Amino acid sequence: WYHYCMSWSQEEKKMRVYNNGQMVGEQDTAADRSIGAKGYVLIGNDQNSYGGGLQYQYNFGGELYNLNVYGKRLSGDDVKKMYTEGMCVKSSDAEKYGWRRIKWEDILMKERSEKVRPIELSGCKEEPKPEPKPE
């Protein structure tokens, strides 16, 4: 399991990339960059034109779990806390880092191709609570 995070700030004009809670890269972005209301979020391919130009050979092949897109830039401390909490943290707990524009639980409800399927993660199931003992 690996924890990846990309954080971008329009005000700072910086993009930061984190791996397992540690910043591994930082890059300045152009001053005129913004994300508009009609933008696309593309994960797992290379977009050659606005809203299209996808090439099959660049499709992501792997597993994603608990993917969220937030409405604010996450701080390095936020990213570190997320990583430390581990992959089994409940999606509802993710709200403490801010408003989620795209939520993992909503992604799971979307229509998928036959090549995309849910998987069970060992160790991430909520344990049943024991019955209370009679007094």
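Conventions adopted
- Residues numbered from 1 in each chain as written.
- Predicted model: local features only at pLDDT ≥ 70, side-chain atom pairs only at ≥ 80, totals over all residues.
- Heavy atoms only, no water.
- Core = buried A, V, L, I, M, F, W, Y, C linked by side-chain atoms within 4.5 Å.
- Buried < 20%, exposed > 50% of the residue type's maximum accessible area, 1.4 Å probe, protein only.
- Contact = heavy atoms within 4.5 Å.
- Helix = DSSP H or I, 4+ residues; strand = E, 2+ residues; numbered from the N terminus.
- Salt bridge = Lys/Arg side-chain N within 4 Å of Asp/Glu carboxyl O.
- Arc of directions from axis to C-beta.

A. The arrangement of the nonpolar core in detail. In terms of nonpolar packing, the biggest core is built from eight residues, these being Cys5, Tyr18, Tyr70, Leu74, Val79, Met82, Ala94 and Tyr97. In contact with Val79, other than residues within four places in its own chain, are His3, Cys5, Tyr18, Gly21 and Leu74.

B. The arrangement of the environment of Lys80 in detail. Looking at where Lys80 falls in the secondary structure, it is placed in helix H1 (residues 76–85). Taking C-alpha positions, Lys80 is 9.9 Å from Cys5, a pair spaced 75 residues apart along the chain.

C. Structural detail: the pattern of salt bridges. Within this structure, the stated rule accounts for five salt bridges. A salt bridge links Asp28 to Lys14, with the nearest nitrogen and oxygen atoms 2.6 Å apart. Of this pair, Asp28 sits in strand S3 (residues 22–28) while Lys14 sits in strand S2 (residues 14–19); the two residues are 14 residues apart in sequence, bridging distant segments of the chain. Residue Lys72 is joined to Asp78 by a salt bridge in which the shortest nitrogen-to-oxygen separation is 3.7 Å. Under the relative-accessibility criterion, Asp78 is labelled buried at 13%.

D. Highlighting unusual backbone geometry. Phi is positive for Lys13, which is not a glycine, with a value near 55 degrees. As for its position among the elements, Lys13 is in the loop between strand S1 (4–9) and S2. For Lys13, a relative accessible area of 34% translates into the label partly exposed. Of note in this structure, Asn20 is not a glycine but carries a positive phi near 50 degrees. Within the element layout of this structure, Asn20 appears in the loop between S2 and S3.

E. Focus on H1. Looking at H1, one finds that the buried residues are Asp78, Val79 and Met82. With its buried residues spanning 100 degrees around the axis, H1 presents them on a single face. Exposed side chains of H1 directed beyond 90 degrees from the buried face belong to Asp77 and Thr84. Contact partners of the buried residues in H1: S1, S2 and strand S4 (69–70). Of the residues one or two after H1, Gly86 is the one with positive phi, at around 90 degrees.

The analysis is restricted to geometry; functional conclusions fall outside its scope.
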